[in-house]
Amino acid sequence: MREYGFVRTRRAVYRLFGRHHPPGQVLLLLRYYWSAGMWRKPPVFAAEVIAGDILDRYDLPLREVQHYGITLGAGAPDPGSYAEYFDPLRTADDSAARDIARSAHLPEGQVGVTGSHLVGLAHPGSDLDLVVYGKDGPAAGAEILRARSLSHEAAAATSTTMQRLRALNGAPVPREDRRNIFKGAVREGATVRKLDLHYAMSPEDLVPGGLPRSSRLGERWLRRMTVVEAGDRHLFPAHVICRMANGYEYRTWISDHVLSMLLPGDRFSAVCTEVAVEPDGVVQYVARAVTEVDLR
């Protein structure tokens with residue numbers, strides 16, 4: 001099982017979440033659930049929460065992952081434990097991913113299909129989600145956009161994250177090239193389809209990453225944090241190092257997707273969850289809801 005792969009159970013379809021997984025388990029994020037005779041998708045970001053009605057749709061044991069500020073499903077690492085496992089690279093053999101990779105002169109096995117096209121639930125208006133594997137993923141993704149994207153001719157619709165960031169900041173934010181997920185558009189015959197590029201460190205099977213043990217200490221308002229250092233923009237979950245008004249610096253993990261657009265020097269306010277991470281007991285924060293943004 002590899003990053004950005006999907007699994008299907010009797011009542012739900014899940015995506016493997018992130019690179020770090022507890023020993024003997026993989027963390028799974030709900031992406032579709034079976035209801036009233038059809039597969040349905042939760043509202044944007046609805047599944048990425050600590051608590052809520054959407055968690056009732058999980059048919060796997062739940063694990064509250066304080067390190068990321070969300071609750072996820074905890075499943076077995078064996079693909080045979082599920083009704084079906086969807087491998088991004090195997091599915092890419094007979095898909096647009098192979099053609100796109102070749103046009104950008106990328107080797108086979110570096111670009112795969114993920115999202116709705118991977119699990120067979122795409123509709124005519126669905127985005128084409130590709131995952132680019134390897135440490136040079138951002139450079140390879142840039143080559144795909146250069147070789148195939150029509151963004152300059154027919155820009156993709158503004159993402160939900162960009163809409164939120166523009167609403168919070170009160171002005172357009174020209175940072176599409178520094179996001180966790182890079183966007184473009186490709187032409188398939190007479191159809192222009194939005195293209196989302198995701199990135200993963202390696203195409204190899206997942207290796208347990210020793211997810212830190214942590215405990216939740218409570219939510220609080222933390223206003224006017226300044227970004228000091230931004231983690232890798234092409235990885236999720238990622239982090240930013242923030243300086244508070246009192247001068248102290250803290251690692252702040254990304255839960256709210258607006259944080260994927262923040263860069264050093266930006267300031268923002270958020271409702272955060274304090275997290276004590278064992279064994280050193282260092283207090284960290286998970287920004288759960290960004291409420292204000294002030295870009296340089």
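This is a predicted model, so every value here is computed, not measured.

Criteria and cut-off values
Residues numbered from 1 in each chain as written. Predicted model: local features only at pLDDT ≥ 70, side-chain atom pairs only at ≥ 80, totals over all residues. Heavy atoms only, no water. Salt bridge = Lys/Arg side-chain N within 4 Å of Asp/Glu carboxyl O. Helix = DSSP H or I, 4+ residues; strand = E, 2+ residues; numbered from the N terminus. Buried < 20%, exposed > 50% of the residue type's maximum accessible area, 1.4 Å probe, protein only. Arc of directions from axis to C-beta. Pairing = 2+ DSSP bridges. Axes fitted to C-alpha atoms, helices over the stretch in contact; angles between N-to-C directions. Contact = heavy atoms within 4.5 Å. Expected span 1.5 Å × (residues − 1). Phe/Tyr/Trp six-rings, centres within 6.5 Å; stacked < 30°, edge-to-face > 60°. pLDDT = per-residue confidence, 0-100.

Caption draft 1: A look at the pattern of salt bridges. The final tally for this structure, using the stated rule, is 13 salt bridges. Ionic pairing is found between Glu219 and Arg288, a salt bridge with its closest N-O pair at 3.0 Å. Taken as a pair, Glu219 in strand β12 (residues 214–230) and Arg288 in strand β16 (residues 282–294) lie far apart in primary sequence, 69 residues in all. Measuring nitrogen to oxygen at the nearest pair gives 3.4 Å for the salt bridge that ties Glu292 to Arg224. Taken together, the residues Glu292 in strand β16 and Arg224 in strand β12 connect sequence positions 68 residues apart. The class for Arg224 is partly exposed, based on a relative accessible area of 24%. Linked by salt bridges that have partners in common, Arg223, Arg224, Arg267, Glu292 and Asp294 make up one network.

Caption draft 2: How the structure looks around helix α5 (residues 160–169). When we look at burial in α5, the residues that qualify are Thr161, Met162 and Leu165. Axial view of α5: buried residues confined to an arc of 95°, hence all on one face. After α5 finishes, the residue Gly170 shows a positive phi value of roughly 80°.

Caption draft 3: Quick look at the sheet that holds strand β13 (residues 239–243). Spatial strand order, β12-β13-β14-β16-β15: five strands in a closed barrel with mixed pairing. Strand-to-strand twist across the sheet, computed as the mean angle between neighbouring axes with direction ignored, equals 50°.

Caption draft 4: Spatial organisation of the environment of Phe268. Looking at the element boundaries, Phe268 is found in strand β15 (residues 267–277). Its relative accessible area of 0% is what places Phe268 among the buried residues. Those residues in contact with Phe268 that sit more than four places away from it in its chain are Arg223, Arg224, Met225, Val227, Cys242, Leu259, Leu262, Val290, Glu292 and Val293.

Caption draft 5: Highlighting helix α4 (residues 137–148). For α4, which comprises 12 residues, the first-to-last C-alpha distance of 16 Å matches the rise-based estimate of 16 Å (1.5 Å per residue) to within 8%. Inspection of α4 places Gly137, Ala140, Gly141 and Ile144 among the buried residues, and these make up the whole buried set. With its buried residues spanning 100° around the axis, α4 presents them on a single face. Across α4 from its buried face, at more than 90 degrees, point the exposed residues Ala139 and Arg146. In the core, the buried residues of α4 are packed alongside α2 (96–103), β8 (111–114), β9 (128–133) and β11 (191–200).

Caption draft 6: Structural context of the packing of aromatic side chains. Going through the model one piece at a time under the given rule, you end up with four aromatic pairs. Relative to Tyr58, the ring of Tyr14 has its centre 5.5 Å away and its plane inclined at 40°; by these criteria the two rings are tilted. With Tyr14 in strand β2 (residues 12–16) and Tyr58 in the loop between β4 (38–40) and β5 (62–65), this residue pair connects regions lying 44 residues apart in the sequence. Classification of Tyr58 by relative accessible area gives buried; the value is 6%.

Caption draft 7: Local environment of the confidence of the model for the protein chain. Summing up the model confidence of the protein chain, the mean pLDDT is 83 and the portion of residues at 70 or higher is 89%. The lowest-confidence element of the protein chain is strand β10 (residues 182–188), averaging 74 in pLDDT; the highest-confidence one is strand β1 (residues 6–8), averaging 97.

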